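# Observations on the three-dimensional arrangement
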Amino acid sequence: MTDAEPIGIGVLGAADIAWRRTLPAVERCPLLRLVAVAGRTPDKARRFADRFGCETVTGYRHLVERDDVQAVYIPLPNALHEEWADAALRAGKHVLVEKSLSASGAAVRSLARTARERDLVLMENFAFLHHPQHDRVRELVADGAIGSLRAFSASFGIPRGDPGLIRYSRELAGGSLRETGCYPLRAAQLFLGPSIRVLGAQLSAEHDGGVDMTGSVLLADDTGVTAQCDFGLDNAYRNTYALWGSEGRLEVDWAFTPPPGTRPLLRLHRGDRREERLLPAADQFLGAVTAFAQACADPAARAAHADAAVRQAELVEAVVETAGAGRSAAGHRAARPGKRSARALF
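Keep in mind that this is a model prediction, so the values were computed, not measured. (Residues numbered from 1 in each chain as written. Predicted model: local features only at pLDDT ≥ 70, side-chain atom pairs only at ≥ 80, totals over all residues. Heavy atoms only, no water.)

### Brief notes about the nonpolar core
Rules: Nonpolar cores are built from buried Ala, Val, Leu, Ile, Met, Phe, Trp, Tyr and Cys residues. Side-chain atoms within 4.5 Å join them into one set. Think of it in three bands: residues with accessible area under 20% of the maximum for their type are buried, residues over 50% are exposed, and the middle band is partly exposed, with areas taken using a 1.4 Å probe on protein chains only. Secondary structure elements are defined from DSSP: runs of H or I of at least 4 residues count as helices, runs of E of at least 2 residues count as strands, and each element is numbered from the N terminus. Whether two residues are in contact is decided by their heavy atoms: any pair within 4.5 Å suffices.
Among the nonpolar cores identified, the biggest contains 48 residues, and Phe152, Leu219, Tyr241 and Leu243 are the most heavily contacted of them. Take this core: its biggest share by element is 9 residues, from helix H7 (residues 176–192). Sequence-distant contacts of Tyr241, that is, excluding residues within four places in its chain, are made with His134, Val137, Phe152, Ser153, Ala154, Phe191, Leu250, Glu251, Val252, Ala255 and Phe256. Counting residues in each nonpolar core, the second largest holds 32 residues, with Ala18, Cys29, Ala291 and Ala295 among its members.

### Remarks on the pairing of strand E14 (residues 273–278)
Filter applied, for reference: Whether two strands pair depends on DSSP finding at least two bridges between them.
Bridging between strand E13 (residues 265–270) and E14 involves 6 bridges; their strand directions are antiparallel. Considered in E14, the bridge of Leu266 is made with Arg277. Here E13 folds back onto E14 in antiparallel fashion, the turn holding 2 residues, of which Gly271 has a positive phi close to 60°.

### Things to note about the sheet that holds strand E7 (residues 149–157)
To keep it simple, the criterion reads: All axes are obtained by fitting lines to C-alpha atoms, using only the stretch in contact for helices, and the reported angles, taken between N-to-C directions, cover 0 to 180 degrees.
The strand order across the open sheet built from 8 strands is E8-E9-E10-E7-E11-E12-E13-E14, with neighbouring strands paired in mixed fashion. At either margin of the open sheet sits one strand with a lone partner, and together these are strand E8 (197–205) and E14. Strand-to-strand, the axes of this sheet are offset by a mean angle of 10°, without reference to chain direction. Relative to strand E9 (residues 212–220), E8 runs antiparallel, the two sharing 8 bridges. In the strand pairing of E9, Val198 is matched with Leu219. Contacting strand E11 (238–245), strand E12 (249–252), E13 and E14, helix H6 (residues 132–142) runs over the sheet at an angle of about 180° to E12.

### Details of unusual backbone geometry
At the junction of Lys99 and Ser100, the peptide bond is cis and its omega measures out at -5° in the coordinates. Within the secondary structure, Ser100 sits in the loop between strand E5 (94–97) and helix H5 (105–117). For Asp119, which is not glycine, the phi torsion reads 55° and is therefore positive. Here the phi dihedral of Ala173 falls at roughly 65°; this positive angle occurs in a residue that is not glycine. Looking at the element boundaries, Ala173 is found in the loop between E7 and H7.

### A closer look at the layout of surface pockets
Heads up, the rule is: Think of a 1 Å grid over just the protein atoms. A cavity is a set of points where a 1.4 Å probe fits yet cannot get out, a pocket is an open set with protein on both sides within 12 Å along at least five of seven lines, and lining residues have an atom within 4 Å of a point. Grid points are joined across faces, edges and corners, and a volume is the space filled by probe spheres set on the points. Classification used: nonpolar for Ala, Val, Leu, Ile, Met, Phe, Trp, Tyr, Cys and Pro, charged for Asp, Glu, Lys and Arg, polar for all others including Gly.
One number sums up the size of the largest pocket: a volume of about 1,100 Å³. If you go around the largest pocket, you meet 37 residues; those closest to its centre are Asp16, Ile17, Arg20, Arg167 and Glu179. Of all elements in the fold, only helix H1 (16–28), H7 and helix H8 (284–297) reach the threshold of two or more residues within the lining of the largest pocket. It is H1 that contributes the most residues to the lining of the largest pocket, 4 residues altogether. Looking at the lining of the largest pocket residue by residue, the classes come out as 20 nonpolar, 8 polar and 9 charged.

### A look at the side chain of Arg267
Put simply, the rule reads: Definition of a polar contact: a pair of N or O atoms within 3.5 Å, with one able to donate and the other able to accept a hydrogen when the atoms are protein atoms, and with sequence-neighbouring residues admitted only if both atoms are side-chain atoms.
With respect to the secondary-structure elements, Arg267 resides in strand E13. Overall, Arg267 belongs to the buried group, its relative accessible area being 14%. Of note is the side chain of Arg267, whose polar atom sits 2.5 Å from the side chain of Glu251. There is a polar contact of 2.5 Å between the side chain of Arg267 and the side chain of Asp253. Not counting chain neighbours up to four residues away, the residues in contact with Arg267 comprise Arg249, Leu250, Glu251, Asp253, Arg274, Glu275 and Glu276.

### With respect to the confidence of the model for the chain
Note: predicted coordinates in regions of low pLDDT should not be interpreted at a detailed level. We apply this condition: Confidence scores labelled pLDDT are given residue by residue by the predictor and lie between 0 and 100.
Considering every residue of the chain, the mean pLDDT works out to 92; 92% of them sit at 70 or more. A low-confidence stretch, residues 332–346 (pLDDT under 50), is modelled with 25 contacts involving residues beyond four sequence positions or located in other chains.

### Thoughts on the pairing of strand E2 (residues 32–39)
Stated precisely, the cut-off is as follows: If the strands point away from the viewer and the path from the first strand over the helix to the second runs clockwise, then the crossover is right-handed.
Most of E2 is tucked away, with 7 of its 8 residues classed as buried. Here strand E1 (residues 7–12) pairs with E2 via 6 bridges, running parallel. Among the inter-strand pairings, Ile7 is bridged to a residue of E2, identified as Leu32. Between E1 and its parallel partner E2, the chain crosses via H1, and the hand of that crossover is right-handed. Note that E2 and strand E3 (residues 55–58) share 4 bridges and pair parallel.

### Focus on the side chain of Arg178
Its location among the elements puts Arg178 in helix H7. Of note is the side chain of Arg178, whose polar atom sits 2.9 Å from the backbone oxygen of Ser100. Every residue in contact with Arg178, bar those within four places of it in the chain, is listed here: Asn78, Lys99, Ser100, Leu101, Ser102, Ala103 and Ala173.

Listed below in structure tokens is the structure:
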């Protein structure tokens, strides 16, 4: 394969996100060439092959072993991400994997080590990071538009859907933290940096044995800037973040999933002045797959993606641990004579 040849990419699983957003972006990216889609059954993969003009493969293992596949995209359920990312890396393939990659820092550190040893890309597909609206926000903050940053807040919640969806399956590692909460957590790192840590967390399940349906997390960096992240799978739709500074406030209305043709609205509040700016539209999935392809071609760009995946997994793991500790403490207090029952709070 020369630098001029597109990278052959295969897809593990016939997922909706691949159908609607990622593979249309792959079609538009001159650096990538879709080779095949693997499904558990031929029928599911055939639907993708008919639309995107690629081959079908029955069984994921057969796809990762193909010589004409240099990279693998993994939009499988969360519970399968670690297994197939590891299998693809060990087969010598670059890996683009849907979020959330994992809630285990140790697992992702192991994957990152495998990628590093084999000089491969391991990239978690947070497509929103590749929308230019966030660069514009960072530029405004750096230029002092809101003074010194004091706090960040972000919310991503969606209404309840069909109970048979994967996001409600505990066995497949669904739940609000890994389905929607991962976005505010990743955005908080964008603005607060790598020193961010969990101060408190709550994850609320609908019933025993079910997935977490809503959650809240309080974070802080080493300078004392805080981040409040709220998320859920049983919420009125909300998809936003805001930065509050010593002299003003910046708000982004459609932070994580703006369609390619949508011009995001940014609001700047400073004193008694309010300014609204319509930013350029962009296809963030095209930006994401292009960044992945560029990292496949450029060894110097690979480590940053793996390092980001490790930090994200460690943060998600810390949220789970903190929320679990809170629930245990609340249960202990409730069991003591004369004490009122308590929920797991910050």
